[in-house]
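Listed below are the residues making up each chain.
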Amino acid sequence: MKERLDNSVAAIVPLPQTIISVRGSDGRNNALDVGYVGNASHDPAMVMIGIEPSRYSHAIVKETGCFVVNFPPKSLRREYGFIGTKSGRDVDKFAALGLRWADGDAVNAPVLLDCPVNYECTVVASVLPEGGSNELFIGRVDAVHVDEEFVSPAGKILWGKLDLI
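What counts, and where the lines are drawn
Residues numbered from 1 in each chain as written. Predicted model: local features only at pLDDT ≥ 70, side-chain atom pairs only at ≥ 80, totals over all residues. Heavy atoms only, no water. Phe/Tyr/Trp six-rings, centres within 6.5 Å; stacked < 30°, edge-to-face > 60°. Helix = DSSP H or I, 4+ residues; strand = E, 2+ residues; numbered from the N terminus. Buried < 20%, exposed > 50% of the residue type's maximum accessible area, 1.4 Å probe, protein only. Core = buried A, V, L, I, M, F, W, Y, C linked by side-chain atoms within 4.5 Å. Contact = heavy atoms within 4.5 Å. Pairing = 2+ DSSP bridges. Axes fitted to C-alpha atoms, helices over the stretch in contact; angles between N-to-C directions. Arc of directions from axis to C-beta. Salt bridge = Lys/Arg side-chain N within 4 Å of Asp/Glu carboxyl O.

> For this particular structure, what's the right way to read the packing of aromatic side chains?
Think of a pair of aromatic rings as described by two things: how far the centres are apart, and how the planes are tilted against each other in angle. Applying the stated criterion across every chain yields a total of three aromatic pairs. Seen in terms of ring centroids, F71 and W159 are 5.2 Å apart; in terms of plane orientation they differ by 75 degrees. Their pairing is edge-to-face. With F71 in strand β5 (residues 66–71) and W159 in the segment after β9 (135–146), the pair connects residues that are 88 residues apart, well separated along the chain. Relative to W101, the ring of F94 has its centre 6.3 Å away and its plane inclined at 85 degrees; by these criteria the two rings are edge-to-face. The exposure class of F94 is buried, given its relative accessible area of 6%.

Structure (structure tokens):
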């Protein structure tokens, strides 16, 4: 027989985990760990991320209308943990971790170079569900960067070869 659990356990554990990188209007880069990420549309390609309004980067995404979804490898587990436990209000995570990055091609946000896959996104919609903990941002994917060893001859991402967190 199945056991009925409290609804508080209903959150699906999304994988892989991601690092969202942003740049404030002051030019300062920030990153946060985000577990609420998913596909929102395939044509055009869009993704959804969920960020709590209390998070420092939430206001940056609202203000700038863009972000980068970075898919970190397991080798960045320590950095991922730091990013998820420190606030950009208190520490420059890029400087503290020595994160390697480049300017985005399509959006004004940093692309994390040690992540094998990165999606540059422009916010096209957002919603804060009544009573919900996270604002959902729908981002149109404007550019995709993939390390060449993870690209198939047909130009597809070889997700099964990636060793992601």
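> I would appreciate a short explanation of the nonpolar core in the present structure.
Across soluble globular proteins, you tend to see nonpolar side chains buried next to one another. Residues I20, I49, F67, V69 and Y119 are the most contacted members of the largest nonpolar core, which totals 20 residues. Where this core is concerned, the elements lending two or more residues are β1 (18–23), β2 (29–34), β4 (45–51), α1 (56–64), β5, β8 (117–127) and β9. If we ignore the near neighbours within four places in the chain, the residues touching Y119 are V47, F67, V68, V69, F71, V141, A143, V144, I157 and W159. If you look at the next biggest cluster of nonpolar residues, it comprises eleven residues, including A31, L76, Y80 and F94.

> Sorry if this is basic, but what is going on with the sheet that holds strand β3 (residues 37–42) here?
Strand pairing in a sheet relies on backbone hydrogen bonds, with the paired strands running either antiparallel or parallel. Read across the open sheet, the seven strands follow the order β2-β1-β5-β8-β9-β4-β3; overall the sheet is antiparallel. This sheet does not close on itself; its edge strands, each paired only once, are β2 and β3. When the angles between neighbouring strand axes are averaged without regard to direction, this sheet yields 35 degrees. Bridge count for β3 against β4 is five bridges, and the pairing is antiparallel. Note on β4: the bridge partner recorded for S41 is M46.

> Would you take a moment to explain the pairing of β8 for this structure?
When a strand is regular, its side chains alternate between the sheet's two faces. Bridging between β5 and β8 involves six bridges; their strand directions are antiparallel. Bridge assignment links V69 to a residue of β8, and that residue is Y119.

> Please explain helix α2 (residues 77–85) as it appears in this structure.
Listing the buried residues of α2 in full gives E79, Y80 and I83. Down the axis of α2, the buried side of the element spans an arc of 100 degrees, and every buried residue falls inside it. Exposed residues on α2 whose side chains face more than 90 degrees from its buried face are R78 and T85. As for α2, its buried residues are in contact with β1, β2 and α3 (93–97).

> Would you take a moment to explain the pattern of salt bridges for this structure?
For side chains bearing opposite charge, pairing can occur when the charged atoms are close. Scanning all chains against the criterion turns up seven salt bridges. Of the charged contacts in the structure, one is a salt bridge between D103 and R23, with a shortest N-O distance of 2.9 Å. Taken together, the residues D103 in strand β6 (residues 101–103) and R23 in strand β1 connect sequence positions 80 residues apart. Between R78 and E79 there is a salt bridge, with its nearest N and O atoms 3.4 Å apart. Judged by relative accessible area, R78 falls into the exposed class, the value being 56%.

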